[in-house]
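A closer look at the structure
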Amino acid sequence: METNMKHIHTSFQEAVKDINDHSTIMVGGFGLVGIPENLILALVESNVKHLTVISNNCGVDDWGLGLLLENKQIDKMIGSYVGENKEFERQVLAGELEVELTPQGTLAERIRAGGAGIPAFYTPAGVGTPIAEGKEVRTFDGRDYLLETGLTADVSLVRALKGDKHGNLIYNKTARNFNPMMAAAGAVTIAEVEELVEPGELDADQIHTPGIYVQGLIEGQQEKRIERRTVRTHA
Amino acid sequence: METNMKHIHTSFQEAVKDINDHSTIMVGGFGLVGIPENLILALVESNVKHLTVISNNCGVDDWGLGLLLENKQIDKMIGSYVGENKEFERQVLAGELEVELTPQGTLAERIRAGGAGIPAFYTPAGVGTPIAEGKEVRTFDGRDYLLETGLTADVSLVRALKGDKHGNLIYNKTARNFNPMMAAAGAVTIAEVEELVEPGELDADQIHTPGIYVQGLIEGQQEKRIERRTVRTHA
Amino acid sequence: MAVEMDKAAVRELIARRAEKEIESGYYVNLGIGMPTMVANYIDNDKEVVLQSENGLLGIGRSPYEEEVDPDLINAGKETVTASIGAAYCDSAESFAMIRGEHLDLAILGGMEVAENGDLANWMIPGKMIKGMGGAMDIVHGSKKVVIIMDHVNKHGDPKILKACRLPLTGKGVVDRIITERAVMDVTEESLKLIEIAEGWTVDEIKASTEADLIVSDELMTIQSNT
Amino acid sequence: MAVEMDKAAVRELIARRAEKEIESGYYVNLGIGMPTMVANYIDNDKEVVLQSENGLLGIGRSPYEEEVDPDLINAGKETVTASIGAAYCDSAESFAMIRGEHLDLAILGGMEVAENGDLANWMIPGKMIKGMGGAMDIVHGSKKVVIIMDHVNKHGDPKILKACRLPLTGKGVVDRIITERAVMDVTEESLKLIEIAEGWTVDEIKASTEADLIVSDELMTIQSNT
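Here's a quick rundown of the structure. (Residues numbered from 1 in each chain as written. Chains lettered and ligands numbered in written order. Predicted model: local features only at pLDDT ≥ 70, side-chain atom pairs only at ≥ 80, totals over all residues. Heavy atoms only, no water.)

What follows is about the nonpolar core. In terms of nonpolar packing, the biggest core is built from 125 residues, with Ile22, Ile107 and Ile148 of chain C together with Ile107 and Ile148 of chain D touching the most fellow members. Among residues more than four places away in sequence, those in contact with Ile148 of chain C are Ile14, Ala18, Met34, Pro35, Val38, Ile107, Leu108, Gly109, Gly110 and Ile178 of chain C. (Core = buried A, V, L, I, M, F, W, Y, C linked by side-chain atoms within 4.5 Å. Buried < 20%, exposed > 50% of the residue type's maximum accessible area, 1.4 Å probe, protein only. Contact = heavy atoms within 4.5 Å.)

Put into structure tokens, the structure is as follows:
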């Protein structure tokens, strides 16, 4: 019996082949932590255009999603904070890039909802603020909430510490962040894993993303750039 | 520095003392798997009455929540399947017990929503069925959904395999089931754990219920009764 | 020339035919009762992951006596094992998989199915209601929903109807019905008869089915993986 | 007799006063910037769990150079360590904690606060908008929200207003404001001045505050944990 339930990609270029012009993609990570570095590099190389990208941030000028920006591959960005990136600002001011800012918790929940088949939910975040414009406000137990809708993607790119050939994933520390919800919300989900293992090598009690959400995997080595190295010195 | 962030109860009787007449409680488990056996026994002993109990099932006639039923402590039951219990049927037919049946996935999601501060969400389950009566139906992308509300409890009783003194919990196999969501949805959550350990002994990447959701812990030994022992014989 | 079969033979015939709905690589939810039996007939060459809505992705075979773990059961509360590469999850995640349509197939039992795909399988007015469990979620949560059931009830009356009489489990959710007599697809026009069991005529099937049946141009005999 | 202090001293004064909001046993979210500094002053006798909304419950001290782990950062994207008994989680779970009001306290920065508890701290019209990050969720997600900020802006104009002029982060969400000059509570009537820094008079505070101030009967001098 075959034990590769999933497609094990042999090149990053091949792994991103389901992403086409005008695709909506989700990309895991918070800042530069937990981003699928090599899948992003392959996407730059593919030169697909007019992407809608859903990701908490948009990388920095020379790394992560910033590389897609630089290559003018993104038409629209949905995220919660995009302040680390000069080219982002330039494109927005020049009208080349559309931005939809969403509170971070609402973003996380919208992605979870998308993967979980919940079309919409109510949240207190954003009531009485500019992001409430055009959205339904509804009162439950005397308190106001906004209606927010689920998000899904054509393809989700995530990064994990370990993955097995059934697609089960385990993440490392704060590199988990948006990755599990995005893995569930992509019609096709490709996982870049630091280590690919055989089914049965991961403890079934400790899997963060069950394999049902993952369509393809590829092993890769990451640079793991640090945005704000903050250290203490020995006394 | 003190490392017991949480109250470590020394008796099950004391652990359930926050549950009073007319309390709403959630009790973890699916069938008899993952139920907080000793906390339930203590609750029977406490003899508090007029409880509203939220749990997927209601135990069997001589074990689990069935013991609360037998002792006539439950006024209302919210669950998805209550068919294992003759006394349950008797009390319903006699008008002594109110029942609110909810699809299992909706129940799980309502409890998750309650713990996550989501007052309501839409789900396809139940559209066009008797459980849609009195509920809002709304169309998203051409498909109908029901509005369902979040659930919370005064006290949640859960069972875990391991817990540390910061309240972090790890569950075993299918004994996880409703326990994590209920832990988050209780104003006070008490965890009956098979093994109580010191903070730092659990891998921070593998915690199912972060300690913030848990107010008290107690170590206990469970009988773990089996409802349907199904085995194969050696050839 | 209707066929007489004992109950066990009927169940096996249906379960074996239902197995053919499962393709290698599928994630499948099998309902409680007869659907659970389908697992016994899955072709060894197919790689299939069975989901149990109580929080197990990858149900394995039944345990030997010495393997029984009281913390490891399926949705029918039977002791099971986990397959290699399985993952446990909580009930919210389990139903996120279901509601989010990540399953390829659900095979469930039915009391009544209507020609528009309505399903009733959870309550009989006047009888004690035990609850719907996960059925109302699962019928909305798979790319394909297949109902397996006896073609008629114990009184010989049709269970495949123009409209369900029992309270619904789901509206327009059924894709295919498999009975010991026939296989029918829910189509935009009506139910289409696509397979018929050996020993039955189309007229006999029509006579034991209240719903209008369109007969497929490629009507076949039911093949079970025997 | 207003007090002149350099910026670092102001920040330290505010952070030390803010520390007094934290009780032993609390779960606390500290915003990016000045609020993060509060962690440096937490009394060793207090057992406190700091939450970072990117998925860490239990932020530890900064790492030594050799401990730096690129996969372990706080919400300000600074490298950190995890405390003993910490737990990692995904972003949905992290904000479930927040939105579900499981945190005891959030200490955040502010651009403007209004006397009704409105907070503005994320955008200035005409300037590039970087995004609200987690602020809009966090202001609704703690049992108590404390804003720490300079009492006036760099032009000397009040930041504590009758009504916010900047677009809001949250409506009626602030419980307490701590500045280098005063501590004020949002009450049903208006802002109540409860503490005042050494060297400042009530009239000076009123003059540098646009919002109406009620003066507490038990007005105290700001005590920092120095």
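It is worth spelling out the interface of chain C and chain B at this point. On the side of chain B, 52 residues touch chain C, which itself brings 47 residues to the contact. At the boundary of chain C with chain B, total buried surface from both sides reaches about 4,200 Å², with 60% on carbon and sulfur atoms. On the chain C side of the interface with chain B, the three residues burying the most area are Asp71, Lys77 and Met128 of chain C, jointly 19% of the side's total. Counting every contact that joins chain C to chain B gives five salt bridges. A salt bridge links Asp69 of chain C to Lys173 of chain B, with the shortest nitrogen-to-oxygen separation between them at 3.1 Å. (Buried area = accessible area lost by both parts, 1.4 Å probe. Salt bridge = Lys/Arg side-chain N within 4 Å of Asp/Glu carboxyl O.)

Counting residues at the interface gives 47 residues for chain D, matched by 52 residues for chain A. When the two sides are added together, the surface that chain D and chain A hide from each other amounts to roughly 4,200 Å², 60% of it contributed by carbon and sulfur. The three residues of chain D that bury the most area against chain A are Asp71, Lys77 and Met128 of chain D, which together make up 19% of that side's buried surface. Remark: the boundary between chain D and chain A carries five salt bridges. The residue Glu101 of chain D makes a salt bridge to Arg143 of chain A at a minimum N-O spacing of 3.3 Å.

Before going further, it helps to examine the pairing of strand β7 (residues 137–140) of chain B. Bridge count for β7 of chain B against strand β8 (residues 143–149) of chain B is four bridges, and the pairing is antiparallel. Bridged to Val137 of chain B within β8 of chain B is Leu146 of chain B. (Pairing = 2+ DSSP bridges. Helix = DSSP H or I, 4+ residues; strand = E, 2+ residues; numbered from the N terminus.)

Residues and elements named next belong to chain C. Overall, mixed pairing links the 10 strands, which are arranged β4-β3-β2-β1-β5-β8-β10-β11-β12-β13 in an open sheet. The strands lining the two open edges of the sheet, one partner per strand, are β4 (82–88) and β13 (213–221). Each adjacent strand pair in this sheet contributes to an overall mean axis angle of 25°, direction not counted. Of the strand pairs in this sheet, strand β3 (residues 56–59) and β4 are connected by three bridges, and their pairing is antiparallel. Across the sheet, the residue bridging to Leu56 is Tyr88, located in β4. Seen against the sheet, helix α3 (residues 91–99) touches β1 (27–30), β2 (49–52) and β3 and runs at an angle of roughly 120° to β2. (Axes fitted to C-alpha atoms, helices over the stretch in contact; angles between N-to-C directions.)

Moving on, we get to the sheet that holds strand β3 (residues 56–59) of chain D. Residue and element names in this part refer to chain D. Reading across from one edge, β4-β3-β2-β1-β5-β8-β10-β11-β12-β13 is the order of the 10 strands in this open sheet, with mixed pairing throughout. The strands lining the two open edges of the sheet, one partner per strand, are β4 (82–88) and β13 (213–221). Geometrically, the sheet is characterised by an average inter-axis angle of 25° between neighbouring strands, direction not taken into account. With five bridges connecting them, strand β11 (residues 182–186) and strand β12 (residues 191–196) associate as antiparallel partners. Bridged to Val186 within β12 is Leu191.

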